[in-house]
Amino acid sequence: MRLGFLGLGLMGGGFVCRLRDLGHDVVGFDPNGARRGIVEKAGVETAVSPAAAAAGADIVMACVTTTDNLETALFGPAGAAEGMAVGTVLVDFSTTVVARTKLMASRLRDAAGAGWVDAPVSGGPPAARSGDLAIMVGGDDEDVAAVDPVLQGLGSSVVHLGPSGPDRLPRWSTRSAC
């Protein structure tokens, strides 16, 4: 598969190397030139913009540090939404604000005809590189099915928990820590 990847930091760098090793055609983008240089030395192709990374991709993946960074990567100048074809699915590994993520998912569907799958992970950079992550997936059944073969190569545990961006937090998260 051809995969676009946004964010080439500690986690993203591990992801793109793993995906390349699994035989995928991966094109990554990061605004930090040093991060692009690191993955280029490892044999991963990089792009000059999020739109260029997303162009021609079957799946676009993102692992960035903030909700604002994700929004910029998708909808800013030369954002990935400009390069995504109808039917492409975005997999968001980032830790983002749920309400804004849901709005971005709707906006992406309207702007590019693309799906959205939330996929927070547990395991850290070594597990991203080795494919031993635990991946908790949220999204429409059709979108999750489209990305599942790729996710299976990244995680030793991939669990679909339901729709993207739950409307309420699990009960345990509202309890006091004391």
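Residues numbered from 1 in each chain as written. Predicted model: local features only at pLDDT ≥ 70, side-chain atom pairs only at ≥ 80, totals over all residues. Heavy atoms only, no water.

K.L.:
Would you explain the pattern of salt bridges in this entry?
P.N.:
Any two side chains of opposite charge can pair, given that their charged atoms come close. All chains considered together, the criterion is met by nine salt bridges. Close ionic contact of Asp-25 with Arg-2 constitutes a salt bridge, the shortest N to O distance being 3.0 Å. In this pair, Asp-25 is assigned in strand 2 (residues 25–29) and Arg-2 in strand 1 (residues 2–6), connecting sequence segments 23 residues apart. For Asp-25, a relative accessible area of 36% translates into the label partly exposed. A salt bridge links Arg-100 to Asp-68, with the nearest nitrogen and oxygen atoms 2.8 Å apart. One end of the pair, Arg-100, is in helix 6 (residues 98–112); the other, Asp-68, is in helix 4 (residues 67–75), and 32 residues separate them in sequence. (Salt bridge = Lys/Arg side-chain N within 4 Å of Asp/Glu carboxyl O. Helix = DSSP H or I, 4+ residues; strand = E, 2+ residues; numbered from the N terminus. Buried < 20%, exposed > 50% of the residue type's maximum accessible area, 1.4 Å probe, protein only.)

K.L.:
It is not clear to me how the packing of helix 4 against helix 6 should be interpreted in this structure. Could you clarify?
P.N.:
Helix-helix packing is characterised by the crossing angle of the two axes and by the distance between the axes. Taken N-terminus to C-terminus, the directions of helix 4 and helix 6 make an angle of 5°; their axes are 11 Å apart at the nearest point. Looking at the two axes, helix 4 sits roughly parallel to helix 6. Together, Thr-67, Asp-68, Leu-70, Glu-71, Leu-74 and Phe-75 of helix 4 and Arg-100, Met-104, Arg-107 and Leu-108 of helix 6 make up the contact between the two elements. (Axes fitted to C-alpha atoms, helices over the stretch in contact; angles between N-to-C directions. Parallel < 35°, antiparallel > 145°, perpendicular 65-115°, else oblique. Contact = heavy atoms within 4.5 Å.)

K.L.:
Would you explain the packing of aromatic side chains in this entry?
P.N.:
Where two aromatic rings form a pair, the distance of their centres and the angle of their planes describe that pair. Tallying each qualifying case throughout the model produces three aromatic pairs. Considering the side-chain rings of Phe-5 and Phe-15, the 5.6 Å spacing of their centres and the 35° angle between planes classify their relative orientation as tilted. Of this pair, Phe-5 sits in strand 1 while Phe-15 sits in helix 1 (residues 10–21), and the two are ten residues apart along the sequence. One exposure class covers both Phe-5 and Phe-15, and it is buried. Three or more aromatic residues joined by ring pairs make a cluster, and in this case those are Phe-5, Phe-15 and Phe-93. Its end group placed over the ring of Phe-75, Arg-107 keeps NZ or CZ at 3.9 Å from the ring centre. (Phe/Tyr/Trp six-rings, centres within 6.5 Å; stacked < 30°, edge-to-face > 60°. Lys NZ or Arg CZ within 6 Å of the ring centre and 35° of its normal.)

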